[in-house]
Amino acid sequence: METMRGDAFDPNCPTRLVLDRIGDKWSVLVVLGLSDGPRRFTGLRGLIGGVTPKVLTQTLRAMERDGLLTRTVFAEVPPRVEYALTPLGLSLQAPIQAVADWAEENVEAVVSAREKHAV
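Described below are features of the structure shown in this document. (Residues numbered from 1 in each chain as written. Predicted model: local features only at pLDDT ≥ 70, side-chain atom pairs only at ≥ 80, totals over all residues. Heavy atoms only, no water.)

**A look at the pattern of salt bridges**
- Applying the stated criterion across every chain yields a total of four salt bridges.
- Across the pair R21 and D66 runs a salt bridge whose closest N-O atoms are separated by 3.2 Å. Here D66 lies in the loop between α4 (53–65) and β2 (69–74) and R21 lies in helix α1 (residues 15–23), a separation of 45 residues in the sequence.
- By relative accessible area, R21 is classed as buried at 16%. (Salt bridge = Lys/Arg side-chain N within 4 Å of Asp/Glu carboxyl O. Helix = DSSP H or I, 4+ residues; strand = E, 2+ residues; numbered from the N terminus. Buried < 20%, exposed > 50% of the residue type's maximum accessible area, 1.4 Å probe, protein only.)

Take a look at the structure:
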């Protein structure tokens, strides 16, 4: 069976929904944060920094819905919940890491260009 391939330039193609998900800064940071393995909510939030609990919860739910991560609840008191990337989510690690590396390497040039443009 042949797999369907989307067309990002077609405004009616669901590929754009996927790009919205993986282009969201919080989703990018969640993928990076879970790259080393499962994490609990508090650990992930502390690692990411600057994200509200509500926004992180919304991001995690959307990523779970899209098949990018799993949420595992352990039957303990108090309950323990861990988030982990699925194989589909793991397939995003390399491209997202490449974009993050580029951003970190070029942040000075981008900030400088913005400052020049603002003048």
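Past the structure itself, the notes keep going.
**Overview of the sheet that holds strand β1 (residues 39–40)**
- Here three strands make up an open sheet; going across it, the order is β1-β3-β2 and the pairing antiparallel. Either end of the sheet is taken by a strand with one partner, and the two such strands are β1 and β2.
- Note: β1 against strand β3 (residues 80–85), two bridges, orientation antiparallel. If you follow R40 over to β3, its bridge partner there is E82. (Pairing = 2+ DSSP bridges.)

**Considerations on the packing of helix α2 (residues 25–33) against helix α6 (residues 93–118)**
- Orientation of α2 relative to α6, taken along the N-to-C sense of each, is 110°, at an axis distance of 10 Å. Taken together, the axes of α2 and α6 lie roughly perpendicular to each other. With respect to the hand of their crossing, α2 and α6 are arranged in left-handed fashion. Packed against α2, whose contacting residues are V28, V31 and L32, the element α6 presents Q93, I96, Q97 and A100 at the interface.
- When the residues that make up the contact of α2 with α6 are grouped by side-chain class, the tally is five nonpolar, two polar and no charged. (Axes fitted to C-alpha atoms, helices over the stretch in contact; angles between N-to-C directions. Parallel < 35°, antiparallel > 145°, perpendicular 65-115°, else oblique. Left-handed = near helix turned anticlockwise from the far one by under 90°. Contact = heavy atoms within 4.5 Å. Nonpolar A, V, L, I, M, F, W, Y, C, P; charged D, E, K, R; others polar.)

As far as function goes, none of this settles anything; it's purely spatial.
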